[in-house]
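# Residue-level structural notes
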Amino acid sequence: MKKLCLLGLFVSLASHSVLADNLPAPMENKDAFISNLMKQMTLEEKIGQLRLISIGPEMPREMIRKEIAAGNIGGTFNSITRDENRPMQDAAMRSRLKIPMFFAYDVIHGHRTIFPIPLALASSWDMDAIYHSGRIAAKEAAADSIDITFAPMVDISRDPRWGRTSEGFGEDTYLVSRIAGVMVKAFQGTGANAADSIMASVKHFALYGAVEGGRDYNTVDMSPLKMHQDYLPPYRAAIDAGAGGVMVALNSINGVPATANTWLMNDLLRKEWGFKGLAVSDHGAIFELIKHGVAKDGREAAKLAIKAGIDMSMNDSLYGKELPGLLKAGEIEQSDIDNAVREVLAAKYDMGLFKDPYLRIGKAEDDPADVYADSRMHRADARDVARRSLVLLENRNQTLPLKKTAKIALVGPLAKAPIDMMGSWAAAGRPALSVTLFDGMTRALGGESKLIYARGANITGDKKVLDYLNFLNFDAPEVVDDPRPAQVLIDEAVKAAKSADVVVAAVGESRGMSHESSSRTELNIPASQRELIKALKATGKPLVLVLMNGRPLSLLEEKQQADAILETWFSGTEGGNAIADVLFGDYNPSGKLPITFPRSVGQIPTYYNHLSIGRPFTPGKPGNYTSQYFDDTTGPLYPFGYGLSYTEFSLSDMALSSTTLNKTGKLDASVTLENTGKRDGETVVQLYIQDVTGSIIRPVKELKNFRKVMLKAGEKKVIHFTITEDDLKFFNAQLKYAAEPGKFNVQIGLDSQDVKQQSFELL
Ligand code: BGC
C-alpha cells in the first residue's frame, strides 16, 4: 500500500515535470518540458544521462543504485525482469530531478519466446508473419520492463563469411528495407510510448555488413554510389518508419570510424534524413577510437564522439571521465553536451517514461510468479512463423513429405540441440523451453516407436574450433562434445540408417558459428558432419538433410548426396514442431532464399543484383575473356529468391499494360500463376526490373516488388504489380535520386533466375 502511494506521488510529480523551483512545463509540450528540465540540470547530471551501462554479474547492484540516485546513469541494458529494474527506477526517483531510467535489451527475434533468426524471418517473405513476430517480441519485452531494443539489425550482407549475416535480413536492399519498416512498426506498435511497445533503435549505422573479407569489426571502404544505392536504404526505411533510436556501427567507413564520423552522424543522418532520435554507441566503441588510431587517448576519443553526435556511450566511462575537462578547456561546447542530453531526454519522453516511469515495470504485486510461465509464451505464433521461414532446397523423387508410418532414422548433432534451435542473439530465450527436432518429430509421430535416434557426429572434430565456440560460456559449454571416437558415432548412425526406411540428418552449424565475431573462411558443413553424410549416403537409404545454420553454406557435395534438403536456419523455440510440420507435410513449405547460396567460398560475393559488366559470362557459350572463374561452374548454387514447394507452380501470360510509361503514369505488369500440382500451397511471385541503359552502370536486375500468394491445387490467379517512375529511380553520379528515360526490362519469376520478361520505355 505504502509503495502504491509513493508511486502515485512520483507519477503525479512526473506528470507536471518534476521541477521544484520553476513553474512546471506542461507535459504535452515536449520541447518546453525538456528545455525546462535541462535548465535545472547540473553538468554532472547532464553527463550522467549520457551513460548507458550493462548489467552483469560483476556489477554490484547496490553500487549501481547509488550511482543512479546520484544522477550518474541514464539507462541500462541486460537487466530483464520487473523486479530487477524496479529498484533501479526507485533509485532514479530518489535522484534530485527524478529523471527516469530506461531499460534496454537486444530483443532481436523474440524475447522469451524465440522466433526464427532474422535471416530466417526474411526467408518467409511474409510481412504479416514478420510483423507478428516483432509485435509479440515487443509485448513480451515490455511486459518484462524493457523500454527499448537494439534492433532491427538491417545491415545488408553479401559476404556470408560474416557471422552476423544470421542477424540481418539478407543481401537485398528492397527486401531488407521493407522488413526494416515492418519491424520498427512492430516494435513500436501504436507508439513507443505505449505500455506494450518498445522503442526500436536500428543498427548498425552504417554499412557494418560490408566489413572487408567478411571479417567482423573490419574496415569498410565503399563508394558513395554503392552506399546510397545498396547499403543505406534499409536504415533510412527504419527511420522513415519512426525508429526512435540508432545504434552506431563498430566499423570505420572510408577511413573514419562511424563513432567519430560527422558526415555520417550529422550531415547524412540528422541533416539530410531529418533523424531526431537517440544515437547510441555500440559497446565500448568510443574507447575503440584509440585502437582505430584516430584518437590518441580517451580524452580525444570522447571529444570526437560527442562532436560527431554520439548521444549515449554504451558501457565505456569516457564521457563521464573526459567531458567535464574538455568543456572546461574549451575543446567542446556546452551545446555539444546539451544536444546529446536533449536527445536522451526526448527518447525517454517518447517512451512515455516521464509520464509514468513505471509504465512497463508495473506494480510489484502484479509481477509474474514465473517469468517463463507457459501462459506468457507465444508458442503457437512462433510455430506458425517458423513454418513459413523454412526453405525447401531439394526434393528428388518426392522424398518429402515423409509418411508417418515410415521407420525413420534421425541422426546428426543438431537433432537434439535446444540451444542451437534458438540461434544467436536469443534474448531471454531459454534452451530448456525449445522444441528440438527430436521432440518435434516424436510428437508428430505420437511417440518414439518409429524414430531411431543416433548422434552420428559432433558439430566439429576440430578441437580449436570447439574451444573457440565454447570460449564465452562460463557456466557450461554451449557446444557439447560426445567423447566417443568419430567412427563409433558414425557406425551407430549407419546402423540406425540401415534399419530404417528413410534417414533424416540434422546437420550444419552450432548457433555460435553464426554470431558476432564468428567469421569463417569456409562455408561448408564441418568435416565431422560431412563424413557422417557420406556414410549415410553409402547405405543407399533415402537421405533428407535438415540444415541448421545462420548463413548460406556451400553445399556442392550435399546437393548430390541428399534426396531432399530443407533449410531451417535456426528456427526458434518452436522450431522442432515447425520442422516436423514440414517434414510430414502438415505444412507445405513456402520460404524463399533472401540471400544467394554460393557454390564455394571463392565465389563470394555472389549477390544477384550485381552491376552489368563489359564481358559478362554467357551460359552455354563458354570461352576465354569473359567474367568467370575457369575452375568451377559460373553462377550460384541456389539463387536469391529460390525455394521449392510440395506442389508445382507455373507462370504464364506475362503482360505489360503498355510499352511506354509517362513520368506521372502507371504501368500494370501481370502474370498468371497456376498451382499445377496436387496440394494447396503458397509461393512468392517476384518482380524484378532492369534499367537497360543509364548515365551510370545499373544492376542486371533489382527486386522491386513481390507477393506471397496462396493457391489451392489446380487454382489459377492473375497477379498484378503496379510500376511507377518511383520504382525506376536510382542515385546517379551526382547522388541525385531520379529516374532516367529509356528502356526497362521487367522480369517476373518465382526466383531471381528463372523469369519471364517484357520491356517498356520510360518517356
Ligand atoms: C553488438 C550490438 C549489441 C551490443 C549490446 C555489441 O557487441 O555489436 O549489436 O546491441 O553488443 O549487446
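Please read these numbers as outputs of a predicted model, since none were measured by experiment. (Residues numbered from 1 in each chain as written. Predicted model: local features only at pLDDT ≥ 70, side-chain atom pairs only at ≥ 80, totals over all residues. Heavy atoms only, no water.)

### A word on the pattern of salt bridges
Inclusion rule: We define a salt bridge as a contact between a side-chain nitrogen of Lys or Arg and a carboxyl oxygen of Asp or Glu at a distance within 4 Å. In DSSP terms, a helix is any run of H or I states spanning at least four residues, a strand is any run of E spanning at least two, and both are numbered starting from the N terminus. Throughout, exposure labels follow a simple rule: accessible area from a 1.4 Å probe, protein chains only, divided by the maximum for the residue type, with under 20% read as buried, over 50% as exposed, and the rest as partly exposed.
All told, the structure shown has 48 salt bridges when counted by the stated rule. Across the pair R112 and D144 runs a salt bridge, and its minimum N-O distance is 2.3 Å. With R112 in the loop between β3 (102–105) and α6 (118–124) and D144 in the loop between α7 (127–143) and β4 (148–149), this residue pair connects regions lying 32 residues apart in the sequence. Overall, R112 belongs to the buried group, its relative accessible area being 2%.

### As for the packing of aromatic side chains
Put simply, the rule reads: Side-chain rings of Phe, Tyr and Trp (the six-membered ring for Trp) are treated as a pair once their centres are within 6.5 Å; stacked means planes under 30 degrees apart, edge-to-face means over 60, and tilted covers the remaining angles.
In this structure the tally under the stated criterion is 17 aromatic pairs. Measuring from centroid to centroid gives 5.1 Å for W125 and F706, while their planes differ by 80°, and the two rings are edge-to-face. Here F706 lies in strand β21 (residues 702–711) and W125 lies in the loop between α6 and α7, a separation of 581 residues in the sequence. Taken together, W125, Y174, Y608, F640, Y688 and F706 form an aromatic cluster joined through their ring pairs.

### Regarding the UniProt feature "domain: Fibronectin type III-like" (unreviewed entry) in the protein
In plain terms, the rule: UniProt positions are given in the numbering used here, feature names are shortened, and annotations may be inferred rather than shown by experiment.
Following the UniProt record, one finds the feature "domain: Fibronectin type III-like" (unreviewed entry) at residues 683–752. This span, residues 683–752, is 0% helix and 57% strand, and a straight line between its end C-alpha atoms measures 13 Å.

### Notes on the sheet that holds strand β25 (residues 742–749)
The test is simple: The rule for pairing is simple: two strands pair if DSSP sees at least two bridges between them.
Sheet architecture is open: five strands sit in the order β18-β26-β25-β20-β21, paired in mixed fashion. The sheet is open, and its two borders are formed by β18 (660–661) and β21, each paired with just one other strand.

### Some details on the environment of K404
Just so we agree on the cut-off: Contacts are residue-level and defined by heavy atoms, with any inter-residue pair within 4.5 Å sufficient. Polar contact criterion, stated in full: a pair of N or O atoms within 3.5 Å, where within protein one must be able to donate a hydrogen and the other to accept it, and residues adjacent in sequence count only if both atoms are side-chain atoms.
Mapped onto the elements of the fold, K404 is located in the loop between β11 (391–395) and β12 (408–411). When the C-alpha atoms of K404 and G74 are compared, they prove to be 56 Å apart, with 330 residues separating the residues in sequence. Beyond its immediate sequence surroundings of up to four residues, K404 is in contact with A444, L445, K450, F584 and D586. Separated by 3.0 Å, the side chains of K404 and D586 make a polar contact.

### Examining the nonpolar core
This is how the line gets drawn: Only buried residues count toward a nonpolar core. Its members are Ala, Val, Leu, Ile, Met, Phe, Trp, Tyr and Cys residues joined through side-chain atoms within 4.5 Å.
Counting 126 residues, the largest nonpolar core has F205 and L323 as the members making the most contacts within it. In terms of nonpolar packing, the next biggest core, distinct from the first, is built from 74 residues, L414, V546, L547 and M548 among them.

### Let's talk about the sheet that holds strand β13 (residues 451–454)
The condition that has to hold: What counts as an axis is a line fitted to C-alpha atoms, over the stretch in contact for a helix, and the angles between N-to-C directions run from 0 to 180 degrees.
The sheet built from six strands is open, its strands ordered β11-β16-β15-β14-β12-β13 with mixed pairing. Single-partner strands in this sheet number two, and they are β11 and β13. Each strand of the sheet is rotated relative to its neighbour by a mean of 20°, with strand direction disregarded. Where strand β14 (residues 502–508) lies against strand β15 (residues 543–548), six bridges are found, and the strand directions are parallel. Residue pairing for β15: V503 is matched across the bridge by L543. Strands in contact with helix α21 (residues 527–538) are β12, β14 and β15; relative to β14, the strand with the most contacts, it is inclined by about 165°.

### Thoughts on the domain arrangement of the protein
This is how it is decided: All domain edges in this entry derive from an automatic or database-based domain assignment.
Assigned domains of the protein: these are domain 1 (52–105), domain 2 (379–593) and domain 3 (649–762). Each of domain 1 and domain 3 has a C-alpha centre, and the two are 52 Å apart.

### Here's the deal with the environment of D420
Relative to the elements of secondary structure, D420 occurs in helix α17 (residues 418–422). Taking C-alpha positions, D420 is 8.5 Å from G572, a pair spaced 152 residues apart along the chain. The contact partners of D420, leaving out residues within four places of it in the chain, are L414, S510, R511 and F570. Of the polar contacts made by the side chain of D420, one reaches the backbone nitrogen of R511; its length is 2.7 Å.

### A few points about the layout of surface pockets
Short version of the rule: Buried and open spaces are told apart on a 1 Å grid over the protein atoms alone, a cavity being a set of points where a 1.4 Å probe fits but cannot get out and a pocket being an open set with protein on both sides within 12 Å along at least five of seven lines. Residues with an atom within 4 Å of a point are the lining residues. Grid points are joined across faces, edges and corners, and a volume is the space filled by probe spheres set on the points. Here the term charged refers only to Asp, Glu, Lys and Arg, the term nonpolar to Ala, Val, Leu, Ile, Met, Phe, Trp, Tyr, Cys and Pro, and the term polar to all other amino acids, Gly among them.
Of the voids in this model, the second largest pocket is the one considered here, and its volume is about 1000 Å³. Tallied by class, residues from the lining of the second largest pocket come to 13 nonpolar, twelve polar and two charged.

### Focus on empty space enclosed by the protein
The tally for this structure, following the rule as stated, stands at three cavities of 30 Å³ or more. What the largest cavity holds in volume is close to 100 Å³. Taken together, 13 residues line the largest cavity, and the ones lying closest to its centre are E45, Q49, G71, S95 and I99. Of the residues that constitute the lining of the largest cavity, the class distribution is seven nonpolar, three polar and three charged.

### With respect to the site of the ligand
Heads up, the condition is: Near, as used in this document, describes a residue that has one of its heavy atoms within 4 Å of the molecule or strand being considered.
In the vicinity of the ligand, the residues found are F77, D106, F150, R164, K203, H204, M247, D282, H283, M314, W425 and E516. In this structure, D106 approaches the ligand through a side-chain N or O atom, which is 2.5 Å from an oxygen atom. A distance of 2.6 Å separates an oxygen atom of the ligand from a polar atom in the side chain of D282. Considering only residue class, the shell around the ligand consists of five nonpolar, two polar and five charged.

### Focus: the packing of helix α2 (residues 30–40) against helix α15 (residues 334–350)
When two helices pack together, their arrangement is given by the angle between the helix axes and by the axis-to-axis distance. For clarity, the threshold we go by: By the definition adopted for this analysis, an angle is roughly parallel if under 35 degrees, roughly antiparallel if over 145, roughly perpendicular if from 65 to 115, and oblique otherwise. Left-handed describes a crossing in which the near helix is turned anticlockwise from the far one by less than a right angle; the clockwise case is right-handed.
Packing of α2 against α15 brings their axes to within 10 Å, and their N-to-C directions diverge by 125°. When the axes of α2 and α15 are compared, the pair comes out oblique. In the crossing of α2 with α15, the sense of the turn from one axis to the other is right-handed. Two secondary-structure elements touch here, α2 through K30, D31, F33, I34, S35, L37 and M38 and α15 through D338, V341, R342, L345, A346, Y349 and D350.

### Observations regarding the pairing of strand β19 (residues 666–675)
For a regular strand, the rule is simple: side chains alternate between the two faces of the sheet. Judged by how many residues are buried, β19 sits mostly within the fold: seven of ten residues are covered. As paired strands, β19 and strand β22 (residues 716–724) are joined by nine bridges and run antiparallel to one another. Paired with L673 across the bridge in β22 is K717.

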